[in-house]
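Remarks on the overall topology
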Amino acid sequence: MSQNEILFARAQKTIPAGVNSPVRAFRSVGGAPPFIVRGEGPCLWDADGNQYIDYVGSWGPLIVGHAHPEVLRAVNAKAHDGLSFGAPTEIEIEMAEYLCRRLPSMEMVRLVSSGTEATMSALRLARGYTGRAKIVKFEGCYHGHSDGLLVKAGSGLLTFGQPSSAGVPPSITQDTVVLPYNDLAAITAAFREAPEAIAAVIVEPIAGNMNMAKPKAGFLEGLRALCSQYGAVLIFDEVMTGFRVHRQSAQGRYGITPDLTTLGKVIGGGMPVAAFGGKRAIMECIAPLGPVYQAGTLSGNPVALAAGMATLALTDAPGFYESLAATAQALTKGLQEAAKAAGVAFSATSEGGMFGLYFADRVPETYAEVMACDVGRFNRFFHGMLDEGIYFAPSAFEAGFVSSAHQPGDIEATLAAARKVFAGIR
């Protein structure tokens, strides 16, 4: 047995399925996951000594690559002052001020520790602010694992959503409405059917948890107009897209101003940091100013914020996002050319430093189209690339990421491997 296999067998004795987050288990692609021992720049090394060019990047946070020297220096310096205090620190103010400068939609911010916590709190805040109960989300968009969001579509516009996880009572999801992503007609009809019932619409402006799906022209603009018309709170879940696809996140890329925004991943630089924020009038409803309770013992952890601030400072460099986008475009264009040469049905797209790969003739725009992609062929591609030292997300339904550490040589090595693998899976 390899060292990876030994560790996986050992882990399964004390950790459910041997992993602390489901997608790490490789159950959708098969096989044993590599156990990572270190990362540097664009690369990872596993317990067997294998080196990989990494396109997961800790699922998005590592926009400047693994173990960036400036990030490590900031973390080490802050850690020497103490790991946690449970009391206010200046770096919390610095992060809040920075986020408000970068995102004009944010007037006030509350720091938390995970994306799930951020979205859960934003939804509670929206309900408290509006005095309404119903939440609209979109099929294929993931907003964390809080009970009210683990829901699949009901049979009608405002019928009860059905829990998609054991342990979630139907009574918890009865006020969650699930509609098709990119279907403006469906959300328009939902508002017309219950004009004073919907507290908030939450959306990934670029969906990244059904692989990657971009918004159709007019979809986000339509959501903004409907929420303004009916007095609902528009929440952009930018946990994944925040500072990943544009200097001002997806809202800056598309020119839309949400009422609330949730952030995570990049703002922690690989450490557990998240946030939610938006209009002052809404944010002042949060305790202790207002009646909507939210708290977190480790919120605004100074060491984690040091990693986030150092990472964000690096993204301020002139041309950072243009270079990042060019890297992602070179990767996706090259993969499409390699697949075409091999006669494999394949498409790809990117936005900023985020990309999607699909075993389909064209880039999907809806959940149904994503689900129609050839998952079996993706799984063969994934393992072929892994054997060649290329680490993509171990699921056909997850977006991928490049970092500023990826160099042209890394992209060419990836494409060389892809040409070989595509030829073997025709």
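Note: the structure precedes this text.
Residues numbered from 1 in each chain as written. Predicted model: local features only at pLDDT ≥ 70, side-chain atom pairs only at ≥ 80, totals over all residues. Heavy atoms only, no water.

A closer look at the packing of aromatic side chains
- In total, this model carries 19 aromatic pairs according to the counting rule given.
- Ring centres 6.5 Å apart and planes at 45° place the aromatic pair Phe346 and Phe381 in the tilted group. Taken together, the residues span a long stretch of sequence, with Phe346 in the loop between helix H11 (320-342) and strand E13 (347-351) and Phe381 in helix H13 (residues 375-387) at a distance of 35 residues. Each member of the pair Phe346 and Phe381 is classed as buried.
- Judged by centre distance (6.2 Å) and plane angle (55°), the rings of Phe359 and Phe422 are tilted. Of the two residues, Phe359 is situated in the loop between strand E14 (354-358) and helix H12 (367-371) and Phe422 in helix H14 (residues 408-424); the sequence distance between them amounts to 63 residues. (Phe/Tyr/Trp six-rings, centres within 6.5 Å; stacked < 30°, edge-to-face > 60°. Helix = DSSP H or I, 4+ residues; strand = E, 2+ residues; numbered from the N terminus. Buried < 20%, exposed > 50% of the residue type's maximum accessible area, 1.4 Å probe, protein only.)

Comments concerning the side chain of Asp46
- Take Asp46: it is sitting in strand E2 (residues 43-46).
- Buried and without a salt bridge, Asp46 has Arg38 as its closest oppositely charged side chain, separated by 10 Å.
- A polar contact is formed between the side chain of Asp46 and the backbone nitrogen of Asp48, at a distance of 2.9 Å.
- Those residues in contact with Asp46 that lie beyond four places of it in its chain are Asn4, Pro34, Phe35, Ile36, Val37 and Tyr52. (Lys, Arg positive; Asp, Glu negative; His and termini not counted. Salt bridge = Lys/Arg side-chain N within 4 Å of Asp/Glu carboxyl O. Polar contact = N/O pair within 3.5 Å; in protein donor to acceptor, adjacent residues only side chain to side chain. Contact = heavy atoms within 4.5 Å.)

Considering the sheet that holds strand E3 (residues 51-54)
- The strand order across the open sheet formed by four strands is E1-E2-E3-E15, and the pairing between neighbours is mixed. With partners counted over all chains shown, the strands left at the sheet margins are strand E1 (36-40) and strand E15 (390-391), one partner each.
- Pairing geometry for E1 and E2, over four bridges, is antiparallel. Bridge assignment links Gly39 to a residue of E2, and that residue is Leu44. (Pairing = 2+ DSSP bridges.)

Comments concerning helix H4 (residues 115-130)
- Helix length check: H4 (16 residues) gives 23 Å between terminal C-alpha atoms against 22 Å at 1.5 Å per residue, within 8%.
- Where H4 is concerned, the buried positions are Gly115, Thr116, Glu117, Ala118, Thr119, Ser121, Ala122, Leu123, Leu125 and Ala126.
- One or two positions beyond H4, positive phi appears at Gly131, with a value near 75°. (Expected span 1.5 Å × (residues − 1).)

Re helix H7 (residues 219-230)
- Given a rise of 1.5 Å per residue, 12 residues ought to cover 16 Å, and the 17 Å separating the end C-alpha atoms of H7 matches this to within 8%.
- If you check which residues of H7 are buried, you get Phe219, Leu220, Gly222, Leu223, Arg224, Leu226, Cys227 and Tyr230.
- Looking one or two residues past H7, Gly231 carries a phi angle of roughly 75°, positive in sign.

Topic: the pattern of salt bridges
- Scanning all chains against the criterion turns up 12 salt bridges.
- Residue Glu40 is joined to Arg38 by a salt bridge in which the shortest nitrogen-to-oxygen separation is 3.1 Å.
- Of the residues examined, Glu40 reaches a relative accessible area of 47% and is grouped as partly exposed.
- With relative accessibility at 41%, the residue Arg38 sits in the partly exposed group.
- With its nearest N and O atoms 2.9 Å apart, the salt bridge here joins Lys420 to Glu388. Placement of Lys420 in helix H14 and of Glu388 in the loop between H13 and E15 is noted, with a sequence separation of 32 residues between them.
- Here Lys420 falls in the exposed class, since its relative accessible area comes to 54%.
- Since its relative accessible area comes to 34%, Glu388 is described here as partly exposed.
- Shared partners join several salt bridges into a network, and the residues in it are Arg102, Arg247 and Asp316.

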